[in-house]
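Commentary on secondary and tertiary structure
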Amino acid sequence: MSETVLEVQDIVKTYNQGLPNEIKVLKEVSMKINKGDFVSIVGPSGSGKTTLLDIIGCLMRPTSGGVFVDGVDVKELGDSELANIRGNKIGFVFQQYNLIQTITAQENVEIALRIMGKSKGDAKKRAKELLELVGLGKRLNNKPSQMSGGEQQRVAIARALANNPSIILGDEPTGNLDTKTGEKILNLLKKLNNENGYTIVVVSHDPNVTEYVDYTIHIRDGEIEKTTNGTTTNK
Amino acid sequence: MIDFAFKNITRQRTRTILTTLGIIIGIAAIVALGSISEGINQYITASLELSAGKIIIQQRGSGGFQGGFAGSDITDDDLEELGSIDGVKEIVPMNLYFSMGRGMSFGPGMVIAGIDPERSEFLVGENIEMHEGREMEGGETGVMMLGFVFAEQRDLGVGDYFELKDMEFEIIGILEKIENPNVDDSASVNIVDIQELMGVDTYQMAYVVPFDIRDAEAIAEEIENSYEKLSATTPVELARQVGEIITQIRLFTLGIGGIAAVVGGLGVLNTMIMAVLERRREIGVMKAIGATKRRILMQILTESAMISLIGGALGLAIGALVVFGIVLASGGQLPAQVTPGLAAGSMIFALMLGIVGGVYPSIKAANLDPVEALRYE
C-alpha cells in the first residue's frame, strides 16, 4: 500500500574478516521502511543497531546483502554517488549533535545546502525557514557554544532536513539530553513525521522512544528479534 | 568554499599567523635576494656594455677590474709597442681615481676617471647628450665633466668648482641621465690631471681598439703571449667571467630564499595535518551530509593554498620594501628592482608550497572513514 523508501535485504557485516578475531555484527538482517513511517530500532549495546544505521545511512557498506534507497541499489554506486545519496536522500541526527562549533546555527544548516550545490542566497533563506520550523527562529546567529543541548539538537535536525531527504536517521538523538529535553526532541520528530510527512528511523536504547513511534524493531546479537507496535500514546 | 576556507583558517588564529609568517619570510627572502642579485647583474652588465669591442689591457698581477687596477703601471713605451701590433686601430689609456667620498652611502664611493678628452666616449658611451654645458675639448685641463646623478647628489652645476686634494676643477658640463650607474655616477677629467693628482706618469689600464671587432680575440692572445708584463682581456672573456660570478650569486641567493620558503612550506604541511586531525569529526559530518572525497580534498587544499597565497603576497610586499630600502641606502647606485617576473614567480612558488604542503593532509582528510571520524573523541 505504502511506497517503500528503504529496504535492506540479508545484510551481513563482518569485521576483521578472515582473521582470528573475526566478528559478525549483523547476520542477514532484512527490513523495509515505508514512506511516512516513524520507526525505532532498539537493542542492547553491541547488538549491531548502530552498525545497521551506518549501513542504512550509506556511511558504511555491508559485507554482503543489498541496500535500496528509494529503489536505488547502493551497492552499485561509487564513493561520490554514495556521497550524493547521503546528501540528497538521507538526513542524519547524531547523539553528539556534531555541529561545527565555530559557525552560527544558520551557517551550520547552510553548509548542508551549499555542499549539495545550492547558491548562497537560497541556502541562507532555506536555513532560516528550517530553523524557524524547529523553533529556533530567534537563535539564527548563535554559535553552538551559546546554545543548550536541546537547541543544538534542533539545529542538527534542521540541518538533517536541509535537502528534503527521503529518510531521517537518528543515532541516539536523545542520548545526551535530560529526560524532559529528550521528550521535546522526540515530540519535534513526531511533529515532523505527522505534519510534514518525514520518514524517520531512530536508533536508541531509550525506552521512552518506543512510545513515540509507529513500530519498533528489536535487535539482538546481530539479528532482528521482533517487531512491536508503538504504544502511540502521543499520536 | 572560499568563504568557509577563510573561516577555517582563522579558527586557530595564532597558529595560522605563525604558519603564514614562515611563508612570508621565505618569499620575502626570495624577492629581496633575487632583486638584489638582478640589480648587481644589471650593474655589471652595464659596465660591460661600455667596453664592448675593446680589449682591456692592464699589468699582469694587478688588482684587475674589480680591484680598481691597484698596482697596475702601464708606461708610454708600453702603449707605443701595443700600437705597433697589426690590426690595432688605437689605444686609449685611462686612470681611475678612487675616493671614499663624503656621503654615508654603500657602493663604490666616488670614482674620478681620467681620459683623453677626445676619447671620452670610452667612458660615457657614443650617443651621449649634454644636460647642461659642454663636453671637454682636446688638450683642455683643469675642467671636469659630470654624470647627472653625480652632479645632482652633490648639488653641483656648470660653473661650480670641485676640489680634489689640492687641485680645483671647473665643472663645464653635465651629462643627460641615461640610467646607467657607470655613467650617471661618473666624473671625468683629462688624464693628465689625474696623473698629476696621483703623482704618476703611468696608466692603470688601456683600451686597445681593433680595426675589426672580430680580431679582438686574436690580438688579445698575441698581447698575452708577447708581453710578459701585460695581460689582455676581451669583453667576451670578461663577460664569461662576470657571467659565472652572477650565476653563482643567483644560485646562492635563490638557494637561501628557497630553503627559507621550503621550511615555510613544511610549516603549512604541519599546520594542515594538525587541522585535519582536530577536525576529524567535522570532516565525518561533512561526509555524512553529502560531501564527496573531492570536495573535502578541495576544501583542505583551498585552505592551505590560501595560507600560502596570503603569506606569498605579504612576503612579496615586505621583500619589495626591503629592496626599496636597500636601493635608498645605496643612494640609487644599485639598480635593484622587483621585476614582474620575479613577483609572479614568487607568488607561483608560494602557491606551489601551499598546494604541495596541502596534498598529504587533504588526501588523508578525503579518505577518512566517515563512521570512524564521526565517533572520534
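That block above? That's the structure.
Residues numbered from 1 in each chain as written. Chains lettered and ligands numbered in written order. Predicted model: local features only at pLDDT ≥ 70, side-chain atom pairs only at ≥ 80, totals over all residues. Heavy atoms only, no water.

Scanning chain A for helices and strands turns up six helices and ten strands. The C-alpha radius of gyration of chain A comes to 18 Å, within 12% of the 18 Å expected for a compact globule of 235 residues. Reported as C-alpha extents along the three principal axes, the dimensions of chain A are approximately 50 × 40 × 40 Å. Averaging the positions of the 29 positive and the 29 negative side-chain charges in chain A gives two centres separated by 7 Å. (Helix = DSSP H or I, 4+ residues; strand = E, 2+ residues; numbered from the N terminus. Rg over C-alpha atoms; globule rule 2.2 N^0.38 Å. Lys, Arg positive; Asp, Glu negative; His and termini not counted. Charge placed at Lys NZ, Arg CZ, Asp CG, Glu CD.)

What follows covers the sheet that holds strand 1 (residues 4-15) of chain A. Residues and elements named next belong to chain A. The strand order 2-1-4-5 describes an open sheet built from four strands, whose pairing is antiparallel. The open sheet terminates on both sides in strands that have one partner only, identified here as strand 2 (23-34) and strand 5 (72-73). Pairing analysis gives two bridges linking strand 4 (residues 64-69) to strand 5, with the strands arranged antiparallel. Paired with Phe-68 across the strands is Asp-73, a residue of strand 5. (Pairing = 2+ DSSP bridges.)

So, on to the environment of Phe92(A). Mapping Phe92(A) onto the fold places it in strand 6 (residues 90-93). What makes Phe92(A) buried here is its relative accessible area of 4%. For the pair Phe92(A) and Ile157(A), spaced 65 residues apart in sequence, the C-alpha separation works out to 7.7 Å. Filtering out sequence-adjacent residues up to four positions away, Phe92(A) remains in contact with Gly57(A), Leu59(A), Arg86(A), Ala156(A), Ala160(A), Leu169(A) and Ala288(B). (Buried < 20%, exposed > 50% of the residue type's maximum accessible area, 1.4 Å probe, protein only. Contact = heavy atoms within 4.5 Å.)

All names here are of chain A. Scanning all chains against the criterion turns up 21 salt bridges over all chains. Note that Glu-132 is salt-bridged to Lys-128, the shortest N-O span being 3.3 Å. Of this pair, Glu-132 and Lys-128 both sit in helix 4 (residues 120-133), four residues apart, which is roughly one turn of the helix. With relative accessibility at 38%, the residue Lys-128 sits in the partly exposed group. (Salt bridge = Lys/Arg side-chain N within 4 Å of Asp/Glu carboxyl O.)

Our next topic: the sheet that holds strand 9 (residues 215-220) of chain A. All names here are of chain A. The six strands lie next to each other as 6-7-8-3-9-10, forming an open sheet whose pairing is mixed. Each edge of the sheet is formed by a strand with only one pairing partner; in this case those strands are strand 6 and strand 10 (223-229). If you compare each strand with its neighbour and ignore which way they point, the axes differ by 20° on average. Here strand 3 (residues 38-42) runs beside strand 9; their pairing, made up of four bridges, is parallel. Counterpart to Val-42 in the pairing with strand 9 is His-218. Its contacts with the sheet put helix 5 (residues 149-161) on strand 6 and strand 7 (167-171), and the angle it makes with strand 6 is roughly 170°. (Axes fitted to C-alpha atoms, helices over the stretch in contact; angles between N-to-C directions.)

On to helix 8 (residues 216-226) of chain B, then. An α-helical turn contains 3.6 residues, so any two residues separated by three or four positions project in the same direction. Residue and element names in this part refer to chain B. When helix 8 is considered as a whole, its buried residues turn out to be Ala-216, Ile-219, Ala-220 and Ile-223. The buried residues of helix 8 occupy one face: seen down the axis, they fall within an arc of 100°. Along helix 8, the residues that are exposed and aim more than 90 degrees away from the buried face are Glu-221 and Asn-225. In this fold, the buried residues of helix 8 make contact with strand 1 (55-59), helix 3 (76-83), strand 2 (88-99), strand 9 (205-210) and strand 10 (230-233). (Arc of directions from axis to C-beta.)

All names here are of chain A. In strand 6, alternate side chains face the same way, and those of Ile-90 and Phe-92 on one face and Gly-91 and Val-93 on the other are all buried. By the bridge criterion, four bridges tie strand 6 to strand 7 in an arrangement that is parallel. When the sheet's bridge partners are listed, Ile-90 is paired in strand 7 with Ile-167.

Right, let's talk about a negative patch on the surface for a bit. Residue and element names in this part refer to chain B. A contiguous patch of negative charge on the surface is contributed by Asp-73, Asp-76, Asp-77, Glu-80, Glu-81 and Asp-201. Tracing the sequence through the fold places Asp-201 in the loop between helix 7 (191-198) and strand 9. Looking at Asp-201, the relative accessible area reads 58%, which means it is exposed. (Patch = residues over 30% accessible without salt bridge, like charges linked within 9 Å, V, L, I, M, F, W, Y side chains within 5 Å. Areas by Shrake-Rupley, 256 points an atom, 1.4 Å probe, with all protein chains shown as cover.)

Membership of the largest hydrophobic core comes to 68 residues, with the highest contact counts inside it found for Val109(A), Leu131(A), Val155(A), Ile157(A), Leu189(A) and Ile200(A). Contacts of Leu131(A), omitting those with residues within four sequence positions, involve Ala105(A), Gln106(A), Val109(A), Leu136(A), Gly137(A), Leu140(A), Val155(A) and Ala158(A). (Core = buried A, V, L, I, M, F, W, Y, C linked by side-chain atoms within 4.5 Å.)

In this assembly, 23 residues from chain B lie in contact with 25 residues from chain A. Where chain B abuts chain A, roughly 2100 Å² becomes buried across the two surfaces, and 61% of that area is made up of carbon and sulfur atoms. Of all residues in chain B, Phe4(B), Ile289(B) and Arg375(B) give up the largest surface area on contact with chain A, accounting jointly for 26% of the area buried on that side. If you look at where chain B meets chain A, you find four salt bridges. The salt bridge partner of Glu107(A) is Lys7(B), with a shortest N-O separation of 2.6 Å. (Buried area = accessible area lost by both parts, 1.4 Å probe.)

Attention shifts here to the packing of helix 9 (residues 235-278) of chain B against helix 11 (residues 293-329) of chain B. Between two packed helices, both the angle of their axes relative to each other and the distance between the axes serve to describe the pair. Residue and element names in this part refer to chain B. For the pair helix 9 and helix 11, the least separation of the axes is 11 Å and the interaxial angle reads 145°. Crossing of helix 9 against helix 11: the hand is right-handed. Seen from helix 9, the contacting residues are Val-268, Thr-271, Met-272 and Val-276; seen from helix 11, they are Ile-300, Glu-303, Ser-304 and Ile-307. Of the residues assigned to the contact of helix 9 with helix 11, the class counts are five nonpolar, two polar and one charged. (Left-handed = near helix turned anticlockwise from the far one by under 90°. Nonpolar A, V, L, I, M, F, W, Y, C, P; charged D, E, K, R; others polar.)

Right, let's talk about unusual backbone geometry for a bit. Residues and elements named next belong to chain A. The backbone of Asn-98 shows a phi angle near 55°, a positive value even though the residue is not glycine. Positionally, Asn-98 belongs in the loop between strand 6 and helix 3 (105-115). Positive phi is not limited to glycine here, since Glu-172 has a value of about 50°. Inspection of the secondary structure assignment puts Glu-172 in the loop between strand 7 and helix 6 (179-196). On the basis of relative accessible area, Glu-172 is assigned to the buried category, the value being 8%.

Turning next to the packing of helix 9 of chain B against helix 12 (residues 340-366) of chain B. All names here are of chain B. Orientation of helix 9 relative to helix 12, taken along the N-to-C sense of each, is 30°, at an axis distance of 8 Å. As the angle between them shows, helix 9 and helix 12 are arranged roughly parallel. The handedness of the crossing between helix 9 and helix 12 is right-handed. Residues Ala-261, Val-262, Gly-265, Val-268, Leu-269, Met-272, Ile-273 and Val-276 of helix 9 form the contact with helix 12, whose participating residues are Phe-349, Leu-353, Gly-354, Gly-357, Tyr-360, Pro-361 and Ala-365. Partitioned by chemical class, the residues of the contact of helix 9 with helix 12 number twelve nonpolar, three polar and no charged. (Parallel < 35°, antiparallel > 145°, perpendicular 65-115°, else oblique.)

Turning our attention to the packing of aromatic side chains. For the structure shown, the criterion picks out two aromatic pairs over all chains. Relative to Phe94(A), the ring of Phe92(A) has its centre 5.7 Å away and its plane inclined at 5°; by these criteria the two rings are stacked. In this arrangement the basic side chain of Lys54(B) is found over the ring face of Tyr207(B), its NZ or CZ atom lying 5.6 Å from the centre. Over the ring of Phe150(B) we find Arg154(B); its NZ or CZ atom is 3.9 Å from the centre of that ring. (Phe/Tyr/Trp six-rings, centres within 6.5 Å; stacked < 30°, edge-to-face > 60°. Lys NZ or Arg CZ within 6 Å of the ring centre and 35° of its normal.)

The next subject is the side chain of Asp73(A). Residues and elements named next belong to chain A. Along the chain, the position of Asp-73 falls in strand 5. One buried charge, Asp-73, has no salt-bridge partner; the nearest side chain with opposite charge is Lys-75, at 4.6 Å. Within polar-contact distance, the side chain of Asp-73 engages the backbone nitrogen of Lys-75 at 3.1 Å. (Polar contact = N/O pair within 3.5 Å; in protein donor to acceptor, adjacent residues only side chain to side chain.)

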